[in-house]
Amino acid sequence: MNFRDVLNVMGLYPGDPGMPGADCAGTVVELGEGVRNVRLADDVFGEAPGCLSTYSLAPAALITQKPLAWSFEAAAAMPVIFVTVEESLGDIACLKKGERVLVHAAAGGVGLVAIQYAKYVGAEVIATAGSKEKHDYLHSIGVQCVASSRDGDRFEKEMREFFEQSGSEGVDVILNSLSHDDYIKRSLSFLRKGGRFMEIGKRGVWTDEEMCAARPDVLYRRIAADTMMEQEPWRYNAYLQRLLERVENGGLEPIHSHTFEGFERGVAALQFLQRAQNIGKVIISEPSRLMCRPDAGAMLSGGTGALGLVTAKYLVEEGAKQLFLLSRGGLRSTDSQSWWPWLEASTAAVTVLKCDISREESVLSLKDSISSEITCLMHLSGVLADSMIPSMTREHFEKSYGPKVHGLLHLRKLLGDSEASVLLFSSTSALFGSPGQGNYAAANAVLDSMAHKLCFEGHRARTIQWGPWAEAGMAVETNAVARLKASGMGSLRNVEGMVILGSILRGADPTVGAVHVSWPKFLRVAYTNVPPFLKKFEAEAKRAAALVDSG
């Protein structure tokens, strides 16, 4: 967040500021035509106007790859403040070794980057700040003189005392953001002849004519990074490239910040910034919903099927950089060809591994092929072996239990003692039952119970009893979507399923059902006698029918 966002929501920003939010960092999930400077799955930072949402649209010229070693939060804090400092102190004021710069409101984002820049070129910093906490922080990072940014008289007194004690006088450059209490005029009294005055404030600033009348010897510039974004976006991008170089050569580090987790805390973040309580930047962070880590791997059993690839894409969108897709044959399935191009065009490392997860030795042999810690397991494997109960044999159960139950027990050994996230793809057959699929329903019921066991062992485990999917999965493969719809059970679109998947880990329930149901039709078709755990839905269906009949 920037203070312009506070002025924006308060209606005080001059001109049309657009929607709040601009500085951001995240993962590229789609590309416009002709975009060449970034790729799918790149972790980027820069500017996306109105970015306070899970998905945002950013001009390609205003983003680039973030520093590899920096967190998303650290990268999001930096774009506009780095560009502001680099343009003002670097390219216009040309601050150099041995000079002295006065940085107003130095405990803010721009101020902290300005201090780093001054140290980088060998200049001395004099700062102003408000609270004692901010004074103490600036002293702790090496600023010797910190004067008041609240009281103009006190500011002048403290500045004179510093110059008298140090035996020096004046500053060469001023980076100003203060206009109250005559701070501009007071500050000019300490600016040496021929000095440079860089104005980054938005309200109460002097015109060129006012500055010329007061100090014709001064180089005066008003800095507006937002104007550069609009009128010279690729010039802005060049500054972002300069940032990457500065980080690489050790001249720039992440600054102090305050992070508010979740967009629902956006109002609190703005209020915190409005009260000027922050040291450095205020960040709103939306963590990976699947808790993906870029330095770790995610494994998907049944990963080369259509539903596996839909899930793999979502994992990459949520920050996974290394995917291990397990397949019994080690080949792409014929129903999944349309889902591969996105993954292949991305920067994610996707490895297909041949593995029969129902056999322990096959799973353990994967250890030599896996180059990173597995912190996310998606268990999608399943095999149908339908039969009515009188005809069902041990072989029917082994076919269903092998990948679904035994497979999970074997894959668990690859996780070791890590606190991995485990998401188990179960079925509503374990919830409602399913004619001819007693073995499959039983296997999924065991899977549901194992989620509780994994939670007890320290994993964040969840099992989802999926209904039919409309675009991928077993219902599509067996042409069952229309039949299930006729019985009152609707199907999930891929986007719906991924939204549900992304919400599961944050919930407290280890087992969740996800299915569209028309209760009057489903209960009438599926059961002669409605089971007790569905009586509530039966009562609601009857009330709804009564309302329809009564008009």
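Residues numbered from 1 in each chain as written. Predicted model: local features only at pLDDT ≥ 70, side-chain atom pairs only at ≥ 80, totals over all residues. Heavy atoms only, no water.

Let us look at the packing of helix α15 (residues 394-415) against helix α17 (residues 438-456). At their nearest, the axes of α15 and α17 sit 8 Å apart, and the two run at 15° to each other. In terms of orientation, α15 lies roughly parallel with respect to α17. For α15 against α17, the interelement crossing comes out right-handed. In this structure, α15 uses H396, F397, S400, Y401, K404, V405, L408, L409 and R412 to contact α17, whose residues at the interface are N439, Y440, A442, A443, N444, V446, L447, M450 and L454. Among the residues making up the contact of α15 with α17, the classes are represented as twelve nonpolar, four polar and two charged. (Axes fitted to C-alpha atoms, helices over the stretch in contact; angles between N-to-C directions. Helix = DSSP H or I, 4+ residues; strand = E, 2+ residues; numbered from the N terminus. Parallel < 35°, antiparallel > 145°, perpendicular 65-115°, else oblique. Left-handed = near helix turned anticlockwise from the far one by under 90°. Contact = heavy atoms within 4.5 Å. Nonpolar A, V, L, I, M, F, W, Y, C, P; charged D, E, K, R; others polar.)

Further remarks concern the environment of V110. Tracing the backbone through its elements, the reader meets V110 in helix α4 (residues 109-121). A residue is classified by how much of its surface remains accessible, and V110, at 18% relative accessible area, is buried. As a C-alpha pair, V110 and G280 span 170 residues in sequence and 7.9 Å in three-dimensional space. Leave out the neighbours within four places in its chain, and V110 touches I81, T84, V85, L175 and I200. (Buried < 20%, exposed > 50% of the residue type's maximum accessible area, 1.4 Å probe, protein only.)

Attention now moves to the UniProt feature "domain: Enoyl reductase (ER)" (unreviewed entry) in the chain. As recorded in UniProt, the feature "domain: Enoyl reductase (ER)" (unreviewed entry) lies at residues 1-284. Between the end C-alpha atoms of residues 1-284 there is a gap of 7 Å, over a span that is 38% helix and 19% strand. (UniProt positions renumbered as here; feature names shortened; annotations may be inferred.)

Domain boundaries assigned for the chain yield domain 1 (78-285), domain 2 (297-517) and domain 3 (521-550). Computed from C-alpha atoms alone, the centre-to-centre distance between domain 1 and domain 3 is 67 Å. (Domains from an automatic or database assignment.)

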